[in-house]
Amino acid sequence: MDARFQTLRGMHDVLPEDAAFYRLVENTFWEVATRHGFGEIRTPVLEQTELFARSVGEATDIVHKEMYSFRDRSDNEVSLRPEMTASVARAYLEHGLHNQPQPLKLGYIANNYRYERPQAGRYREFEQFGLEVFGSAEPAVDAELILATWQTYESLGLKDLSVQINSLGTEASRQAIRQAITDTLAPVASTLSEDAQRQLRDNPLRILDSKDPQVQAATANIPPLIDHLTDADRDHFTAVLEYLDQVGVAYELNPRLVRGFDYYTRTVFEIWGEAGGQVALGGGGRYDKLVSELGGPDTPAIGMAGGVERIVSLLKEGHGRKPLVQDVQVFLIQLGNEARKLSFELVDRLTRAGLGVASAPGKDSIRSQLKMADRAGAPLALIIGQKEALDGSGIIRDMISGMQETVPLPDVVEHLLKRAPGVVKATKG
Ligand code: AMP
C-alpha cells in the first residue's frame, strides 16, 4: 500500500489499544484531582503569542525555538500552546476568578505543542494532565499539590518513583544565586561552548541543569541553591519538606533542578521514574509572580504538569496498572432475513442493558459466525435461526461448554444478564 498521507513528524495517532491506557491515566488523574477539590478548566489551543513570550519567557528554548507560531488571517500573532499554565493564568484573570474564594484549584487535561526534535518519549504534540492552585503562598499548598501528584502516579501502580525537589527562592535569593553562578564561571566563561555562554548571559540558572560535561565540571563547585536562600525562602522550603515527611512522600533534594520556564519561584519539583532510565514523568513549581506579570493582582500560585505519553509507555511495558475494557459478552448470530432484522433490535436491547455485544451482519453461515464468536472471546452466543425468528425465541449458547437453551425473546435480556460474567472486567496479560 502506498498511503498518500501520514501524520506529521513528531505527531502520532492513538489507536484503541493505546487509547485504553490513555483513558486509564486520564480517569485516575481526575479521580485523585477531584478528591483534592480541583475543578476542571478547558482553554483554547490557540493564544496570543505574546502570552507565552511574557510568561514562559522570551529566552527559554520553548518560546525561542519550539513554538508553533504564525499570523492568522487578521494578522494576529498567535501560537499553539506549548504548555497550559500561561493559558490557565490568563483565564483566571479574564474571568475574574481572583474574586472567588481562594485558594482556587483548577485541573486540566490538554494537548500541547512544541517543535522539539522527536525522539523516544518526546513528541511535537503531547498530552499533559495538570493542576494549578491560585491565591495562596502557604507551604501546605505546595505540599498538597505534590501529594496529589504523587497519589496520581501511585494510583496508576507506577513503582520506583522519586520526587526531585528544590527551591529557587524569590527574586532576592535568585539574585544571589545568579551572582554565585556568574562569579564561579567568570574565569572559564570564554572557554565554554557558544550555547553555554548564551545561557550564562540570558538565563544563568538554567546552566545548572546543562548536560554539557564541560559546563557540569565548571559548575560542580557552586554551592547548592538553598545556601543562597533568604531566611523567609528557606523557612518556606523547610515547611514544605516537613509536610512531605509527614505523609511519607519519597522526595530527594536536587540542588540542580531549575526547570525550563522563567516563571518559577520558590518550590520546583519533578517526578522521575526509574524504569527505562531516569525519565521526567512530570514537574511543576511555584509561580508567585506570573499573575501579576500578566497584569493581575499579586497572586501567589503553584502548578504541575504530567506527561501522559511517558506514563502510557511505562504502563504498556508492564510497570503499572492495566486498563479495564468492555469485553464482548454476547455474540449475536443470525440466520436469514427475518433473524437479521430481529438481531438489530436485539443489539439495541442488549447494549442498553449494559452488555457488550458483537455480531457479523454480513455473514450467513452458522459455522463462520460461531468461529467469529470464538475469536471475539465471547462467553455467550445468542443464536436466532429462521425457526426462532418465526416463533419469537432465541438460543443462548454457552461458548465454553457448548450447552444451549432456548428462551422466549422478551425474556432474553434477563437470561443473558444472569449468565454474563461481570459487565466490565480486566484485560488479560
Ligand atoms: P514540562 O511542561 O516541560 O514541565 O513537562 C512536564 C512533563 O510533560 C514532562 O515531565 C514530560 O513527561 C512531559 N513532556 C514535556 N514535553 C514533552 C514532549 N515533547 N513529548 C512528550 N512528553 C513531554
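Structural notes, computed from the coordinates. (Residues numbered from 1 in each chain as written. Predicted model: local features only at pLDDT ≥ 70, side-chain atom pairs only at ≥ 80, totals over all residues. Heavy atoms only, no water.)

Re the overall build of the protein
Here is step 1 of the chain: Along the protein, the regular secondary structure elements total 15 helices and 18 strands.
Here is step 2 of the chain: With the C-alpha coordinates aligned to their principal axes, the bounding extent of the protein is approximately 95 × 55 × 45 Å.
Here is step 3 of the chain: A buried classification covers 48% of the 429 residues belonging to the protein.
Here is step 4 of the chain: Between the averaged position of the 47 positive side-chain charges in the protein and that of its 60 negative side-chain charges there is a distance of 7 Å. (Helix = DSSP H or I, 4+ residues; strand = E, 2+ residues; numbered from the N terminus. Buried < 20%, exposed > 50% of the residue type's maximum accessible area, 1.4 Å probe, protein only. Lys, Arg positive; Asp, Glu negative; His and termini not counted. Charge placed at Lys NZ, Arg CZ, Asp CG, Glu CD.)

Thoughts on the pairing of strand E7 (residues 161–167)
Here is step 1 of the chain: Counting buried positions over the 7 residues of E7 gives 7, a clear majority of the element.
Here is step 2 of the chain: Where burial is concerned, the two faces of E7 agree: the one with Leu 161, Val 163, Ile 165 and Ser 167 and the one with Ser 162, Gln 164 and Asn 166 are both buried.
Here is step 3 of the chain: Sheet analysis places E7 next to strand E8 (residues 251–253), joined by 3 bridges and oriented parallel. Counted as the bridge partner of Gln 164 is Glu 252 from E8. (Pairing = 2+ DSSP bridges.)

Some thoughts on the site of the ligand
Here is step 1 of the chain: In the vicinity of the ligand lie 15 residues, with Arg 114, Glu 116, Tyr 123, Gln 128 and Arg 259 positioned nearest.
Here is step 2 of the chain: Contact distances for the ligand include 2.6 Å between a nitrogen atom and a side-chain N or O atom of Glu 116.
Here is step 3 of the chain: Within the complex, 93% of the 480 Å² of free accessible area of the ligand lies under protein.
Here is step 4 of the chain: If you list the elements that add at least two residues to the shell around the ligand, you get strand E6 (125–134), strand E10 (279–286) and strand E11 (301–307).
Here is step 5 of the chain: Here the shell around the ligand gets 3 residues from one element, more than from any other, and that element is E10.
Here is step 6 of the chain: For the shell around the ligand, the residue count by class is 6 nonpolar, 4 polar and 5 charged. (Near = heavy atom within 4 Å. Polar contact = N/O pair within 3.5 Å; in protein donor to acceptor, adjacent residues only side chain to side chain. Areas by Shrake-Rupley, 256 points an atom, 1.4 Å probe, with all protein chains shown as cover. Nonpolar A, V, L, I, M, F, W, Y, C, P; charged D, E, K, R; others polar.)

Structural notes on the sheet that holds strand E16 (residues 393–398)
Here is step 1 of the chain: The mixed open sheet is built from 5 strands, whose spatial order is E14-E13-E15-E16-E17. Each edge of the sheet is formed by a strand with only one pairing partner; in this case those strands are strand E14 (357–359) and strand E17 (404–408). The sheet shows a mean angle of 25° between the axes of neighbouring strands, direction not considered.
Here is step 2 of the chain: Bridging between strand E13 (residues 330–334) and strand E15 (residues 380–384) involves 5 bridges; their strand directions are parallel. When the bridges of E15 are listed, Leu 332 appears paired with Leu 382.
Here is step 3 of the chain: Its contacts with the sheet put helix H12 (residues 337–352) on E13, E14 and E15, and the angle it makes with E13 is roughly 165°.
Here is step 4 of the chain: The strands that helix H13 (residues 366–375) touches are E13, E15 and E16; relative to E13, the one it contacts most, it runs at about 170°. (Axes fitted to C-alpha atoms, helices over the stretch in contact; angles between N-to-C directions. Contact = heavy atoms within 4.5 Å.)

Comments concerning the sheet that holds strand E3 (residues 69–71)
Here is step 1 of the chain: Taken together, the 3 strands give an open sheet; going across it, the order is E2-E4-E3, and neighbouring strands pair in antiparallel fashion. The open sheet has two edge strands, strand E2 (46–48) and E3, and neither has a second partner. Direction aside, neighbouring strands of the sheet carry axes that sit 40° apart on average.
Here is step 2 of the chain: Note: E2 against strand E4 (residues 77–80), 3 bridges, orientation antiparallel. Across the sheet, residue Gln 48 finds its bridge partner in E4, namely Val 78.
Here is step 3 of the chain: Against the sheet, helix H2 (residues 49–57) touches E2, E3 and E4, its axis set at about 75° to E2.

A few points about the pattern of salt bridges
Here is step 1 of the chain: Overall, the coordinates contain 26 salt bridges when judged by the stated rule.
Here is step 2 of the chain: The salt bridge partner of Arg 198 is Asp 195, with a shortest N-O separation of 3.9 Å. Of this pair, Arg 198 and Asp 195 both sit in helix H7 (residues 194–202), 3 residues apart, which is roughly one turn of that helix.
Here is step 3 of the chain: Classification of Asp 195 as partly exposed rests on a relative accessible area of 49%.
Here is step 4 of the chain: We note a salt bridge from Lys 387 to Asp 391, for which the minimum N-O separation is 3.4 Å. (Salt bridge = Lys/Arg side-chain N within 4 Å of Asp/Glu carboxyl O.)

With respect to the nonpolar core
Here is step 1 of the chain: Counting 46 residues, the largest nonpolar core has Phe 134 and Ile 181 as its most contacted members.
Here is step 2 of the chain: Looking at this core, the elements with two or more residues in it are H2, helix H3 (61–65), helix H4 (85–94), strand E5 (104–113), helix H6 (171–185), H7, helix H10 (290–293) and E11.
Here is step 3 of the chain: Apart from residues no more than four positions distant in its own chain, Ile 181 is found in contact with Leu 200, Pro 204, Leu 205, Ile 207, Leu 208 and Ile 222. (Core = buried A, V, L, I, M, F, W, Y, C linked by side-chain atoms within 4.5 Å.)

Overview of the packing of H2 against H4
Here is step 1 of the chain: Direction vectors running N to C along H2 and H4 enclose 110°, while the axes themselves pass 9 Å from each other. Taken together, the axis directions place H2 and H4 in an arrangement best described as roughly perpendicular. Every residue of H4 that contacts H2 at Leu 51, Phe 52 and Ser 55 is listed here: Ala 86, Ser 87 and Arg 90.
Here is step 2 of the chain: By residue class, the composition of the contact of H2 with H4 is 3 nonpolar, 2 polar and 1 charged. (Parallel < 35°, antiparallel > 145°, perpendicular 65-115°, else oblique.)

Concerning unusual backbone geometry
Here is step 1 of the chain: Geometrically, the link from Gln 102 to Pro 103 is a cis peptide bond, its omega value of 0° lying close to zero.
Here is step 2 of the chain: Within the secondary structure, Pro 103 is located in the loop between H4 and E5.
Here is step 3 of the chain: Look at Asp 160: it is not a glycine, yet its phi comes out positive at around 55°.
Here is step 4 of the chain: Secondary-structure assignment places Asp 160 in the loop between helix H5 (139–155) and E7.

This is a description of form; function is not addressed.
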